[in-house]
Amino acid sequence: MIILNGEPRERDGATIAELLVDLGVEDRARGVAVAVNGEIVPRAQWPRHHVDAGDRVEALTAMQGG
Amino acid sequence: MGLSTDQIPITDTPFEVAGRTLRSRLILGTGGFPRLETLADAIRATRAELVTIALRRIDPAARGSLVDVLEECGVELLPNTAGCYTARDAVVTARLAREAFGTDWVKLEVIGDERTLLPDAPELLLAAEELVADGFVVLPYTNDDPILARRLEDVGCAAVMPLGSPIGSGMGIRNPYNIALIVERAGVPVILDAGVGTASDAALAMELGCDGVLCASAIARAQDPVAMAHAIRAGVEAGRLARGAGRIPRRLHAEASSPQDGLADLTPPVA
């Protein structure tokens, strides 16, 4: 079990790129950044970075904000 | 250089931040617009070149891409660290924004509490120092405190962005004297950030000597955001012109604007 954007998901072992597809975001989408357990995972590592059980994954993008 | 009937040619020094010239002295915050179409219309009305955005969790249900809309408008992105309460969170958020948007510019916000959204000065300074060391162009949202503004400049911030009053309050500039003190000492651009409620607030900021204004809620939450976008752009331009023109000093008593000499003697003849 991992936590993706605050929601538990049965995606142990998935890559960041696969998780982004789950969220409806194309691989290497513009305007997207990812952190795992509070550490940035650079875009180049998305296809080969696998998440482990218990990982907290934050997948972020641009929202309107002052 | 002569005057034409419809346009007075006025030269102004360019608005430069971190060596980059910006066409517009108004920076638009994108928060609070009810629809992306309204945001796009407001961007055109403000003629802003730089707009702020926030970084939040991807919402699979979100309709329309903010980044696409902003790209169509031809504006540059200024990511913020809104919602961060510690230097660490703000630094990580800035790095995530750099990864997402490919810009090392950041509007640095480190907030002290939810009720006031006022900056947490020690955390702000720590975050600014770390981000400057990491190569960021740091534009900090700061208190209207001349000493803190100087400290932020000393650690290498590219501008200082003092608040006029709390974010979204529309209370205008509560302490114009402090803003003037910040302007007097600053060696980097001063951009009034937060508190603008209407066009006159933006004009006052510029009259006080600010180099620019950052405005979101006053435009986004106005009843007619596009009309207010025009108004606040005009306010910024009017204030800038007035600052350069040099206002008359305030005086307690009246000073006649008609000549005192040559007054007619209209006394009736003595009966």
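Above this note sits the structure.
On a predicted model such as this, the values are computed, not experimentally measured, just so you know.

Asker: Could you clarify how one ought to interpret the interface of chain B and chain A in this entry?
Answerer: Where interface size is given, it is often the accessible area lost as the parts come together that is meant. Contact residues are listed per partner, giving 27 residues for chain B and 22 residues for chain A. Among the elements of the structure, β4 (50-57), α2 (66-73) and α3 (87-101) of chain B are those that each provide at least two residues to the side of chain B that touches chain A. No other element matches α3 of chain B, which puts seven residues into the side of chain B that touches chain A. Of the residues belonging to the side of chain B that touches chain A, the class tally is 17 nonpolar, six polar and four charged. Here strand β5 (residues 56-64) of chain A pairs with β4 of chain B via five bridges, running antiparallel. Paired with M63 of chain A across the strands is A54 of chain B, a residue of β4 of chain B.

Asker: Just checking my understanding: could you explain the packing of helix α1 (residues 36-46) of chain B against helix α9 (residues 225-245) of chain B for this structure?
Answerer: When two helices pack together, their arrangement is captured by the angle between the axes and the distance separating the axes. Residues and elements named next belong to chain B. Taken N-terminus to C-terminus, the directions of α1 and α9 make an angle of 20 degrees; their axes are 8 Å apart at the nearest point. Our classification of the angle between α1 and α9 gives roughly parallel. Both α1 and α9 take part in a crossing whose hand is right-handed. Only P225, V226, A229, H230, I232 and R233 of α9 make contact with α1, whose side of the interface consists of T38, D41, A42, A45 and T46. Counted by class, the contact of α1 with α9 contains six nonpolar, three polar and two charged residues.

Asker: Teacher, can you tell me more about the environment of P162 of chain B here?
Answerer: Residue placement: P162 of chain B occurs in strand β8 (residues 161-162). When residues no more than four places from it in sequence are discounted, the contact partners of P162 of chain B are T142, N143, D144, A149, I179, I182, V190, L192 and D193 of chain B.

Conventions adopted
- Residues numbered from 1 in each chain as written.
- Chains lettered and ligands numbered in written order.
- Predicted model: local features only at pLDDT ≥ 70, side-chain atom pairs only at ≥ 80, totals over all residues.
- Contact = placed C-beta atoms within 7 Å.
- Helix = DSSP H or I, 4+ residues; strand = E, 2+ residues; numbered from the N terminus.
- Nonpolar A, V, L, I, M, F, W, Y, C, P; charged D, E, K, R; others polar.
- Pairing = 2+ DSSP bridges.
- Axes fitted to C-alpha atoms, helices over the stretch in contact; angles between N-to-C directions.
- Parallel < 35°, antiparallel > 145°, perpendicular 65-115°, else oblique.
- Left-handed = near helix turned anticlockwise from the far one by under 90°.

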